[in-house]
Each structure stands twice: as C-alpha cells, then as structure tokens.
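Tertiary structure, described
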Amino acid sequence: MKLTKTLLAMLLAALMVLSVVGCTKKIDVTEYTQPTEAPAKTETKTETKTETKTETKTETKTEAQPTEEPAKELTYADGTELRVAAGYNNTKTGIAFDPEVAKDGVTLADGVTYHAGDLKPTWVEVEKRLNVKFVNQYQGNTATKEFDFWKERLEEVDLVAGGASQLSEYGEEGSIVNLAEYLDMMPNFKAYLEANPIVRLSITGNTTTGAIYFAPYFDGVNDIERMPLMRVDWVEKLLNGEGEFTAEASNNTAAPVYQPYMPTSGKVEVEVVNLDGKTVDKIAKDYDAAGNIVAAMNDKGAMTGVEAVNMLREYIDKAYNGYYGTDRANLFIGQNAAWDADELVALLRCVVANPQTLNGTDVVQGLFSREDANNQRRVDMFRFAGTLFGVRGMESRQDYLYVGNDGLLHDARQEVDTYKALERMNDLVKEGLISEAFVSMQEVKSENYLDQDLGFMHYDYNQTQTLLNETKLQKDQGEKYMAVMVPVARWNDGTGEQFMRFTESWRSVKTDAWGISVKGVAGDEDKLNAALKFFDYVFSPEGQILMSYGPDAFIKTNADGSYVTFLFNGKEMPVISDENYADLWKLGKGNYTNYARQYLGSTLSFVKSQAFEYQCTCDAGKEGAGHISVAIGLGTIKHPELAITDNPWYTSVPTVLPNTKVENDQIKTYSDLSTKFSSAKGGENLFVDQIVNGYAVEGMADAEGSANYVADTMSGAQYLQLKQDAWARLQKYYASLGK
C-alpha cells in the first residue's frame, strides 16, 4: 500500500528546498430534543402513507394550549407539489440521485434500484408520510451560492437553501416566509423552540416582530465539533519506554524561532481525568524542576532528533514528577493528557527530526490540513491556533465574533492577541513544523499523509478522518490515527488568567438553513401549508429519525417491527441495519456524511442526530472521542454554552443577529471584512496568509497595527457597532420571552 512513500517523501523534500522558509467508550453528546422519547417503529407503510390532513388536524388540536383559540390547521391537497432548491454542496448531495452517484442504477438496503433523477429514499418516504410531491431544482451549490442563484427568480422555487443570515436578510425584505406567524400551526417546531430558547434566540430575524425566516440546521447539537488528531503510535514510539531513546539515524532540528508561551518558572496546576476515566486529578507542571521545554531546546540550538527526544523525555519526567512513568506518550494521547502549546512544539520538533524512525525516509511533516491547497480546509490551521494559544473568535458561529466577559461582542479580527497567536504559527512555519504543502498550497490531502506515513497531525472532524485507520493505515502493524485531548492554554474568562482547556469548536445552529419563498407559494395556500407542514414534521421525534437515518428499511428491527435500539447519551436510539452498514463501506468508503447525503438523502439539514454517525465511527475514532467526551463530562474541558450565561464569556454567539435591512445594507459595504477573511473554497484569508508569510500586508506590520487596520481601514469598528446594536436588541427580546 505504501510503495510510493519514498516518491512522495522526495516531492515533499523538494518543496522544502523550494520554499521561501527554509471504539470503546461512548461519546457523551447532549442533543436538544423534545421531551418526547424516540418512538418505536410501529407504523406500517400503509399507515404512514395516510398521515395527511385528518391526522394533522387531530395532532394540532391536541398540542394547542387549552386557554387559547384552536390554531388554524395545516391542510393541503393530496400530492401538493413542492419545488426544492436545496442540498449540501454539490450535485451529488441533493434530494435526487445525480448521474455520477446512480450510474447505471444503484440498489440500496431497501431492495430498490435507483436511477439518475430519482428521489433518494428519505425523500420518497417523506412524500409518502406527508402526501406531497417533491421536484428537485437544486443547482449543486453551497447554501449561500444556491440562494444567490435563485434570489432574482424566487417565483420558481418553494423551498430554498441559503445562509442563515442571508435568509433572514431577505426575509426582512419580504422575500422569505416568516415562520413565526405560523408557529401555532407547527406544534413540533414550536415545542422544540420552547424547550430550547437559545435556539429561538439564534434564529430570530427581527426583535420587534419576533420573525423567524428559516428552519435551522443542527449537525449535532451541544457537543464538540473539531478535535486535534495525531499519529499516536508515533508518539508512543518516541516517548515511551525505559532508558534513553536511540536511533541509527536522525535529522537535526531547525534553528529555533518559536519562543515559550507557557511560564519558564514556578508551578502551574491543571486538572486531568484519571486514566480510569472516572475521577479528576490535579497535577502540576513544575517549571522550577524542569524548566520550560521550549526554552531548554532553544538554549541548546539545533540538535539531532535523538537528542531532542531524550530532552523531551527528561522534561516530562521532571515537570510531572514521574506522573506518567514510562508511558510518557500519555501526556499527549492519554485520557489523562495535560499537554500545552510549548510541549506540542517540542514534540513536533522531535517528530520532524526523526523520519528515519517513524517512516523510514528522510522527511516527515508535522502539522497539515485536510486539503493543503483548499482554503476551506486551510482555515482549520488558525482555528487550531485559537485553541492552542487561548484566542476567542477563531471558531465563531458568526464571522469572528464572541461575547467578552464584559457582555459585549468582540471581533477576533480586531484583537491584538489574535495576531500574536498567528505570529507563533508563523514561527512554526519558519522551523518547518507545518507541512510544506500547506505553505506552498500543493494538492496534498490528509489521506495522502496517512497513506504514505508522511504526516503527524491535524485539526478536524473525528469520524471522517479517523476512518482513514480503516482505509489508509496498516492497523495490523500498530498504526493508529486518533483524536487527542484539547490542549491546556492561557484563558481569561473574566475571573483572571486560567490555565485550562477550552474549546470554541462547539456545535450549535449551523450557518446553512432552509426557507420558504414568498413568491414561490404566493396565492397557493396548498403550497404554503405543505411547506410549513414539512418544516414542522422534520422537528417531530419521528421526523428527526427519518432525516438522520433515512426510512425504516435502513434501520434494524425486532420481530415485532419495533426498532432495535442502543443507549446513546441516555436515550434509546435506532441501530442501523446490517445491509445499510455494508453499503456505508461499499458505496461511501466508510464516510458517514457522504454516504448519507449522496445515497440516502438524509442529514441534508434540520436536526441531525449523532447516533447514526457514532455507529459508523471506527474503534480508534470512538476511543479518542471517548476520552474527550469523558473530560467534557467531568468538567476538565470548558466550552461555550447554548444559553445566556451568568458569565457572558461562556455565552455562545447566535448564528444570526437581527440586523435591520438598513444595517445589513451598510454591512455589505464593508466588503473587505468578508472577502479578505473568507473560509470558502477558492477564497482568500488573511489569517492563513499570516501563518504562511508573516506580516506581509501593507498597513499590517505588527499585531497592534493589524488589529487597528481592520478596525479603521476595513471599517471593522463600524461593523462591530452594528452587530453590537443587534446583540443588545436580541438580549432585550430574549428577556421578554420569559415575561
């Protein structure tokens, strides 16, 4: 499998010359759901097919408040047609089969053979359950670009995807239906919002009217999103064992550039989860005993890889007073990990200087991204920088905003600390610790790094990346790529500087959503009611299962027809069928989201349960994510809360802020804030550029100058004030909901 390892190593080595700069534990995920338990499968296809007007009337009446007038019912003609312009991000991920996916016909676990143009099984089932007819109008774009395609011709579609802010903006202009006007006719959606007021806060488009212009999308809710991932077998090979590390050959470390981030003297106490995963230990980083590892390495200067490893080993023994014993790798990869940025830099120096031991070649890369030439993935590098160096706003749900401990919004692009963190990342580039393909924007992907044993770590989603253990690594030889603990960093949450773990990568309302076109349903009550009924249904317990798992034919059942379930986060959730799991690997190569979107038509939007994804996660993926989950559960990893918290620093920024049309029009004029800090494929991002090139933009010569440049020259200060005004209105509106 790895015959081309040397060839790719030679390519990467050439890039270095050319460069300017020489599954056993359960994941504990809390999902926002209605109080109703997930239903057992008792309906037959005939019964679900008759779930139309009569059942809707009955359900709506029983859900209505007894003190209010009965709400008008959502009735519509059988077979009402809904034109849908929505998918994920390409033609393969719409509601109907793309020719490239279906080919000459694809037979799925339900026994049906599907052809190009056929609706995918999830959408066939929705048609049956709601007695509607879907027409695919999707053009194969991202949500924002899809809406851009249709925004001048909205009379041609009924349901349309768009960015959440985009749909709210056009809703304020009268182009998107205000769902709040129909909440009393949408008992499931209404109950979901009442049970989760922070979600209501995140989707409010106008605080005067309480307008809601889109049905939100949750790719999992209230759990960690991205994680650091490492070749844990490499860490064990370098750090574990008695005596000194030895190797027949190694490279030299580069001349040091990166300077210490953590203290150089004194002691720092941190909390770690015990190896048993049940209790919390307090351990000390003793800098008086061991010094700072980066400072020690810098004092020595360039050294052999063998010397670097032994220096790190000795540091771990002294700094932690023998806590890790001979299993020193646990500092980084264990349930009881306590690593910080400086220790990671020391480890990266060891990795990059020891390719002969790790992969048998003369070159190995340290940090990389999923796709080193794709801006959409390259931005994960500065997201990781935020986690490493204690900087907020790098993984915000809206632009680069976060709530400070003063209760006000702040913009990471206008904060000095942001640029200081990026300076440190540029230091890593100068030392050769970030992949040369990333620096040179070469077409190298995570699967290439792992397949050829040429890359050590990156920051990404767990399931899709750890499945590479099954397809690219040689597990029988002990190779293992796994999520590791969030690092300890310096954070100030308003209670003074804390040495703690915090992740801003926290799942909430996504930035993509679906809306109903006013012109599309204009004058047609059947269309409007059918669209509203659809939005309501997907937030019901059975609707959430359907939109996550697909139809019942893809779920394992008992002899009586009920679902076979497993306990996931305290709730019984369905088990996917064996045939479905086989197709996941046969058709989707183990990638759960690609398989679900391309073949089942599920997980395209709305409430996506992580229970399906968990079942598709490999053992290494479950192990690493399990460690992190336990740490979150025991409180050693902090994160934003999906609530208005007593300490505002922990309040998650809403995905949408209710700016007025006048304000939105003004924000549009600050175009540099979006075009120069884009996270889109093919876009430009100055944060990424600074990691690679340092301060190379005129007017942005240092950290303070860069923050001021964004605030003044790019109109960041005006932008932030408009966002702050909307945030103040939203908080006032939120307070009124409880009255």
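The model shown is predicted, which means the values in this text are computed figures rather than measured ones.

1. Overview of the overall build of the chain
- When you go through the chain residue by residue, the secondary structure sums to 35 helices and 23 strands.
- Within the chain, the fraction of its 739 residues that count as buried is 60%.

2. Things to note about the pairing of strand 18 (residues 497–502)
- Of the strand pairs in this sheet, strand 17 (residues 488–492) and strand 18 are connected by 5 bridges, and their pairing is antiparallel. Bridging across to strand 18, Ala489 finds its partner in Met500.
- The hairpin formed by strand 17 and strand 18 contains 4 residues between the paired strands, and Gly494 there has a positive phi angle of roughly 100°.
- The sheet contact formed by strand 18 and strand 23 (residues 637–638) spans 2 bridges and is parallel. Considered in strand 23, the bridge of Phe502 is made with Lys638.

3. Let's talk about the nonpolar core
- One finds Phe134, Met230, Trp339 and Phe534 to be the most contacted residues of the largest nonpolar core, which totals 197 residues.
- Sorting elements by how many residues they give to this core places helix 15 (residues 341–352) first, with 9 residues.
- In this structure, Phe97, Ala102, Ile545 and Ile555 belong to the second largest nonpolar core, which totals 26 residues.

4. Things to note about the packing of aromatic side chains
- Inspection of every chain in the model, using the stated rule, returns 39 aromatic pairs.
- Measuring from centroid to centroid gives 5.1 Å for Phe677 and Phe687, while their planes differ by 70°, and the two rings are edge-to-face. Residue Phe677 is located in the loop between helix 32 (672–675) and helix 33 (686–693), and its partner Phe687 is located in helix 33; the two are separated by 10 residues in the primary sequence.
- Looking at Phe677, the relative accessible area reads 4%, which means it is buried.
- Each member of the aromatic cluster is reached from another via a ring pair, and the members are Trp123, Phe134, Phe189, Tyr192, Phe218, Trp514, Phe534, Phe535, Phe539 and Phe606.
- It is Arg413 that lies over the ring of Tyr719; its NZ or CZ is 5.2 Å from the centre.

5. Some remarks on the sheet that holds strand 1 (residues 80–85)
- Read across the open sheet, the 4 strands follow the order 4-1-5-19; overall the sheet is mixed. Where the open sheet ends on each side, the last strands, each with one partner, are strand 4 (132–136) and strand 19 (512–516). Direction aside, the axes of adjacent strands within the sheet are offset by 30° on average.
- Here strand 1 runs beside strand 4; their pairing, made up of 5 bridges, is parallel. When the sheet's bridge partners are listed, Val84 is paired in strand 4 with Asn136.
- Against the sheet, helix 5 (residues 121–130) touches strand 4 and strand 19, its axis set at about 150° to strand 4.
- This element, helix 25 (residues 525–537), spans strand 1, strand 4, strand 5 (159–163) and strand 19 of the sheet and lies at about 65° to strand 1.

6. Concerning the pattern of salt bridges
- Using the criterion set out here, one finds 34 salt bridges in the structure.
- With a closest N to O distance of 2.8 Å, Lys527 and Asp158 form a salt bridge. Residue Lys527 is located in helix 25, and its partner Asp158 is located in the loop between helix 6 (143–150) and strand 5; the two are separated by 369 residues in the primary sequence. Note on accessibility: Lys527 and Asp158 belong to one class, buried.
- Salt-bridge contacts for Glu663 lead to Arg729; the nearest nitrogen and oxygen are separated by 2.8 Å. Taken together, the residues span a long stretch of sequence, with Glu663 in helix 31 (residues 661–668) and Arg729 in helix 35 (residues 716–737) at a distance of 66 residues.

7. Some thoughts on the sheet that holds strand 12 (residues 365–367)
- The strand order across the open sheet built from 4 strands is 12-15-9-16, with neighbouring strands paired in mixed fashion. Two strands in the sheet have a free side with no partner beyond their single neighbour: strand 12 and strand 16 (481–483). Taking the axes of each pair of neighbouring strands and ignoring which way they run, one obtains an average angle of 25° across the sheet.
- Running at roughly 90° to strand 15 (residues 455–461), helix 18 (residues 380–389) makes contact with strand 9 (226–231), strand 12 and strand 15 of the sheet.

8. With respect to empty space enclosed by the protein
- Reported here for the largest cavity is a volume of approximately 100 Å³.
- Forming the boundary of the largest cavity are 13 residues, of which Ser396, Arg397, Glu504, Ser652 and Val653 lie nearest the centre.
- Class assignment for the residues of the lining of the largest cavity results in 6 nonpolar, 3 polar and 4 charged.
- What the second largest cavity holds in volume is close to 60 Å³.
- The wall of the second largest cavity is formed by Gly87, Tyr88, Ala143, Ala161, Tyr217, Asp512, Ala513, Trp514, Leu604 and Ser605.
- Sort the elements by how many residues they give to the lining of the second largest cavity and strand 19 lands first, with 3 residues.
- In the lining of the second largest cavity, the residues fall into 7 nonpolar, 2 polar and 1 charged.

9. Some details on the environment of Leu401
- The topology assignment puts Leu401 in strand 13 (residues 401–403).
- Under the relative-accessibility criterion, Leu401 is labelled buried at 1%.
- Leu401 sits 252 residues away from Val653 along the chain, and the two C-alpha atoms are 7.0 Å apart.
- Setting aside anything within four residues of it in sequence, one finds Leu401 in contact with Gly393, Ser396, Leu409, His410, Asp411, Val653, Leu657, Tyr719, Leu720 and Lys723.

10. Some details on the confidence of the model for the chain
- Looking at the chain as a whole, its pLDDT mean stands at 90, while 90% of the residues score no less than 70.
- The low-confidence segment residues 3–67, where pLDDT is below 50, has 140 contacts with residues more than four positions distant or belonging to other chains.

11. Here's the deal with the packing of helix 18 against helix 19 (residues 416–430)
- Contact geometry for helix 18 and helix 19: axes closest at 10 Å, N-to-C directions at 110°. In terms of axis orientation, helix 18 runs roughly perpendicular to helix 19. Across the interface between the two elements, Met381, Phe382, Ala385, Leu388 and Phe389 from helix 18 touch Ala421, Leu422, Arg424 and Met425 from helix 19.
- Looking at the contact of helix 18 with helix 19 residue by residue, the classes come out as 8 nonpolar, no polar and 1 charged.

12. Overview of the packing of helix 12 (residues 293–300) against helix 15
- The contact between helix 12 and helix 15 brings their axes to 8 Å, and the two run at 45°. Considering their axes alone, helix 12 and helix 15 lie oblique with respect to each other. Residue-level contacts link Ile293, Val294, Met297 and Asn298 of helix 12 to Asp342, Glu343, Val345, Ala346, Arg349 and Cys350 of helix 15.

Definitions and limits used
Residues numbered from 1 in each chain as written. Predicted model: local features only at pLDDT ≥ 70, side-chain atom pairs only at ≥ 80, totals over all residues. Heavy atoms only, no water. Helix = DSSP H or I, 4+ residues; strand = E, 2+ residues; numbered from the N terminus. Buried < 20%, exposed > 50% of the residue type's maximum accessible area, 1.4 Å probe, protein only. Pairing = 2+ DSSP bridges. Core = buried A, V, L, I, M, F, W, Y, C linked by side-chain atoms within 4.5 Å. Phe/Tyr/Trp six-rings, centres within 6.5 Å; stacked < 30°, edge-to-face > 60°. Lys NZ or Arg CZ within 6 Å of the ring centre and 35° of its normal. Axes fitted to C-alpha atoms, helices over the stretch in contact; angles between N-to-C directions. Contact = heavy atoms within 4.5 Å. Salt bridge = Lys/Arg side-chain N within 4 Å of Asp/Glu carboxyl O. 1 Å grid on protein atoms, 1.4 Å probe; cavity = no way out; pocket = protein on both sides within 12 Å on 5 of 7 lines; lining within 4 Å. Points joined across faces, edges and corners; volume = space filled by probe spheres on them. Nonpolar A, V, L, I, M, F, W, Y, C, P; charged D, E, K, R; others polar. pLDDT = per-residue confidence, 0-100. Parallel < 35°, antiparallel > 145°, perpendicular 65-115°, else oblique.

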